[in-house]
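# Reading the structure
Residues per chain, in single letters:
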Amino acid sequence: RFSTKKPFFKPTAKPVVSRYPTPTIVKFAREVIRELAGHTPLEKRAMELLKNGKDKRCLKLCKRRLGTHKRAKAKREQCAMFLRAAARKAK
């Protein structure tokens, strides 16, 4: 008849994304995989939008596919970095 109050749900703390730097062996492995596998379809489309000067459209695309604004900004910057590297290599 008399129910006891249940304790409130306390969410656990979210893990910090970049708490520690990425180990060099992991960076090297990711670099090799990227070189062998190439870019994802999302990255290809984002780079095409960036080439045409549609930064905002690129951000919207990334946000829709990745879910959060923060991840979308990071992906857009990563794609811009790929384009800069390709332009440097072409020279």
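Fair warning: this is a prediction, and the values are worked out from it, not measured in the lab.

## Digging into the packing of helix α2 (residues 41-51) against helix α3 (residues 55-66)
At a minimum axis distance of 8 Å, the contact between α2 and α3 shows a crossing angle of 165 degrees. Here α2 lies roughly antiparallel to α3, going by the angle between them. Crossing handedness for the pair α2 and α3: right-handed. The segment α2 lies against α3, with L42, R45, A46, L49 and L50 engaging D55, R57, C58, L61, C62, R64, R65 and L66. Grouping the constituent residues of the contact of α2 with α3 by class yields eight nonpolar, no polar and five charged.

## Points about helix α1 (residues 24-37)
Helical periodicity: at 3.6 residues per turn, an α-helix aligns residues three or four positions apart in one direction. Taking 1.5 Å per residue as the helical rise, α1 with its 14 residues ought to reach 20 Å, and the 20 Å between its terminal C-alpha atoms agrees with that figure. Counting buried positions over the 14 residues of α1 gives zero, only a small fraction of the element. Positive phi appears at G38, one or two residues downstream of α1, with a value of about 85 degrees.

## With respect to the environment of K73
Among the secondary structure elements, K73 is positioned in helix α4 (residues 69-90). With 10 residues separating them along the chain, K73 and K63 place their C-alpha atoms 8.0 Å apart.

## A short note on the pattern of salt bridges
Per the stated rule, a full pass over the model turns up three salt bridges. Across the pair E43 and R34 runs a salt bridge whose closest N-O atoms are separated by 2.7 Å. Judged by its relative accessible area of 27%, R34 falls in the partly exposed class. Residue R84 pairs with E77 through a salt bridge whose shortest N-O separation is 3.0 Å. What makes R84 partly exposed here is its relative accessible area of 45%.

What counts and what doesn't
Residues numbered from 1 in each chain as written. Predicted model: local features only at pLDDT ≥ 70, side-chain atom pairs only at ≥ 80, totals over all residues. Heavy atoms only, no water. Axes fitted to C-alpha atoms, helices over the stretch in contact; angles between N-to-C directions. Helix = DSSP H or I, 4+ residues; strand = E, 2+ residues; numbered from the N terminus. Parallel < 35°, antiparallel > 145°, perpendicular 65-115°, else oblique. Left-handed = near helix turned anticlockwise from the far one by under 90°. Contact = heavy atoms within 4.5 Å. Nonpolar A, V, L, I, M, F, W, Y, C, P; charged D, E, K, R; others polar. Expected span 1.5 Å × (residues − 1). Buried < 20%, exposed > 50% of the residue type's maximum accessible area, 1.4 Å probe, protein only. Salt bridge = Lys/Arg side-chain N within 4 Å of Asp/Glu carboxyl O.

Honestly, that's just the spatial picture; any functional story needs more than this.
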